[in-house]
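These are the residues of each chain, in order.
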Amino acid sequence: MQCVLIERFGPPADVVQAAERPEPAPGPGQARVRMHLAPIHNHDLAILRGIYGYKPTLPAVPGTEAVGVIDALGEGTSGLAVGQRVATASVQGTWATHFVADAHRLVPVPESLPDELACQLLAMPLSALMLLVDMKLQPGQWFVQNAANGAVGKTLAALAAQRGIGCVNLVRRDAALAELVEAGLGNGVSTEATDWKSRVRELTGDAPIARAIDSIGGEAALPLTSLLAEGGELISFGALSMKPMLVNGGDLIFKQAVVRGYWATKRFAATPPAELARLIGELTQALAQGHLRLPVASVHDLADAAAAMTAAERPGRAGKVLLRGGA
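First, a word on what this report is: a plain description of the structure on this page. (Residues numbered from 1 in each chain as written. Predicted model: local features only at pLDDT ≥ 70, side-chain atom pairs only at ≥ 80, totals over all residues. Heavy atoms only, no water.)

### Observations regarding the environment of S127
The line we're drawing: Helix and strand assignments come from DSSP, with helices taken as H or I runs of at least 4 residues and strands as E runs of at least 2, each series counted from the N terminus. Any pair of residues with heavy atoms lying within 4.5 Å of one another is described as a contacting pair.
Tracing the backbone shows S127 in helix α4 (residues 122–135). Through-space distance from the C-alpha of S127 to that of T265 is 8.2 Å; in sequence the pair is 138 residues apart. Residues within four places of S127 in sequence aside, it is in contact with L122, F237, Y262 and A264.

Next comes the structure, spelled out in structure tokens:
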């Protein structure tokens, strides 16, 4: 099979290479999938650098999400069929023409959903929806998030709006506000402005901000805790800056605020199949109704993996960068 291979950790465009390896055989309870499209996520790039919560044994085929068609079943695998189109996330080795996954991690997708959407449905949108559910907010309550112009940020804001939950969308550049408007999202605030906190208060009508989502780390969490209401919760969802999160002890103490981490991979693994199906159904409906958008910036062959990594790390890109396996 054709694949992307890494033999060391480092800058993504430098460490990926096109390679050939034997097609994997599915074991008991597994299926082999012929990959159609696979996205490149920020956590994939972190894995390539060797700084993520999961570090593969080298040499390794990267990739954690994909859509494709089952072409072989392992012994005892039930509930799936050869020729069935499926999506998966929180797996390993999807940047190849073929990969193997446990059957319980493969989700059938409707034919009405094109590959470009199905291949990126689970990791980011499902993570955002699970996070929204787990925040346990009611209609009319507010939360604030940074990196709002990212894939998760846009999805989280769109899904919150559907549920009547208020979301303040922070971005680091004035120019990024246009990205939110283009995605049909309001309540955007640029922290480049000196009076941006006043704008937050204006948007919320001074209503309490019950949750804050930090996807950047470093000093970016400091203003989030200052915005939190008493008894609020700061949730660490990502670390785009690759720096340790800094928080103000005074805000935590005097507001009785709580800080916790959120790793969607763990949540995905613990989610019962019935709930997973319900959540995916909600996402599919949101896509069909135009409430949720999953744009694609570019599609690359596996042989052009280095160029794909460069594109995925380009600031301000207009959508997800995808790798093409085969039809």
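### Structural notes on the sheet that holds strand β12 (residues 233–236)
This is how the line gets drawn: Two strands pair if DSSP finds at least two bridges between them. An axis is simply a line fitted to the C-alpha atoms; with a helix, the fit covers only the stretch in contact. Between two such axes, the angle follows the N-to-C directions and lies from 0 to 180 degrees.
If you walk across this open sheet you meet the 6 strands as β10-β9-β8-β11-β12-β13, and the pairing is parallel. In this open sheet, the two strands that pair with only one neighbour each are β10 (188–190) and β13 (258–261). Taking the axes of each pair of neighbouring strands and ignoring which way they run, one obtains an average angle of 20° across the sheet. Across 4 bridges, the pairing between strand β8 (residues 142–145) and strand β9 (residues 166–171) is parallel. Along β9, the bridge assignment pairs W142 with G166. Where α4 meets the sheet, it contacts β8, β11 (209–214), β12 and β13, and its direction lies at approximately 150° from that of β11.

### A closer look at the packing of α4 against helix α11 (residues 273–288)
We count it as follows: In this scheme, roughly parallel covers angles under 35 degrees and roughly antiparallel covers those over 145, while 65 to 115 is roughly perpendicular and the rest are oblique. Any residue outside Ala, Val, Leu, Ile, Met, Phe, Trp, Tyr, Cys, Pro, Asp, Glu, Lys and Arg is labelled polar, Gly included; the first ten of those are nonpolar and the last four are charged.
At a closest axis distance of 10 Å, the pairing of α4 and α11 adopts a crossing angle of 110°. Between α4 and α11, the angle falls in the class roughly perpendicular. Between α4 and α11, the residues in contact are L122, P125, L126, L129, M130 and V133 and L276, L279, I280, E282 and L283, respectively. Residues of the contact of α4 with α11, tallied by class, amount to 10 nonpolar, no polar and 1 charged.

### Regarding the layout of surface pockets
So the rule is basically this: Using a 1 Å grid laid over the protein atoms alone, points where a 1.4 Å probe fits but cannot get out form a cavity; open sets with protein on both sides within 12 Å along at least 5 of 7 lines form a pocket; any residue with an atom within 4 Å of a point counts as lining. Grid points are joined across faces, edges and corners, and a volume is the space filled by probe spheres set on the points.
Within this model, the second largest pocket holds a volume of roughly 250 Å³. Residue lining of the second largest pocket: 14 residues in total, with H104, L106, V107, P273 and L276 positioned closest to the centre. Contributing elements (two or more residues each) for the lining of the second largest pocket: β7 (106–108), α10 (264–270) and α11. Top element by residues in the lining of the second largest pocket is α11. It accounts for 4 residues. Tallied by class, residues from the lining of the second largest pocket come to 11 nonpolar, 2 polar and 1 charged.

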